[in-house]
Amino acid sequence: MNIATKYFGDIKVKENDCITFKKGIPGFESYHTFILLPVDETSLYLALQSVDEAGVALIVTNPYLFYKNYEFDLDEKSQEGLGITKPEDVAIYSVVTLKEPFAQSTLNLQAPIIMNINNGQAKQIILNQTTYRTKHPLFTNEGGETYARP
């Protein structure tokens, strides 16, 4: 099927590559079908693009590439709702808030996007009992050098 996108113009995508958010994403509750599109050759950053509205796209990334010790418990209700039966079923993404300059960009660790890679069901959850925030530095400055966390 053909879709209009925020960053890539009109493109063709496969329906079986679509991701379904049954209740939408907080702030975008009326949009339920999305697709992940690589922003660059490395696929470090992805556009979570609405299939129905070109203007709705969030930049996401794997939080473990930046915060190796990131962890949280996924409640049973969310696991059941997404059809998750084992850890290998899960992909986790965090929304990137882009800033100028890019080195000032932040990562939302308080509201991860959980996806079942086998059935395409996804949900953004909000972690309430946590020290994680919505604006963690994407890059840190240690020893005077800016770098992405390994």
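Here, every reference points to the structure presented above.
This structure is a prediction, so every number in the text was calculated from the model and none was measured.

A separate point is the pattern of salt bridges. The full count for this structure, using the stated rule, is 1 salt bridge. Here Lys86 ties to Asp89 by a salt bridge, and the two come within 3.4 Å at their closest N and O atoms. Lys86 sits in the partly exposed class, given a relative accessible area of 40%. Given a relative accessible area of 3%, Asp89 falls into the buried group.

Okay, unusual backbone geometry next. Here the residue pair Glu100 and Pro101 is connected by a cis peptide bond, since its omega of 0 degrees sits within 30 degrees of zero. Relative to the assigned elements, Pro101 resides in the loop between β7 (90-97) and β8 (106-107). One non-glycine residue, Ser43, adopts positive backbone phi at about 60 degrees. Along the chain, the position of Ser43 falls in the loop between β4 (33-38) and β5 (45-50).

Our focus in this paragraph is the nonpolar core. Tyr45, Tyr70, Leu107, Ile114 and Leu138 are the most contacted members of the largest nonpolar core, which has 25 residues in total. Breaking this core down by element, the ones donating at least two residues are β4, β5 and β7. Apart from the residues within four sequence positions on either side, Leu138 is in contact with Tyr45, Phe66, Val96, Phe102, Ser105, Thr106 and Leu107. Formed by 16 residues, the second largest nonpolar core is a distinct cluster that contains Ile19, Phe34, Leu36 and Val95.

Rules and cut-offs
Residues numbered from 1 in each chain as written. Predicted model: local features only at pLDDT ≥ 70, side-chain atom pairs only at ≥ 80, totals over all residues. Heavy atoms only, no water. Salt bridge = Lys/Arg side-chain N within 4 Å of Asp/Glu carboxyl O. Buried < 20%, exposed > 50% of the residue type's maximum accessible area, 1.4 Å probe, protein only. Helix = DSSP H or I, 4+ residues; strand = E, 2+ residues; numbered from the N terminus. Core = buried A, V, L, I, M, F, W, Y, C linked by side-chain atoms within 4.5 Å. Contact = heavy atoms within 4.5 Å.

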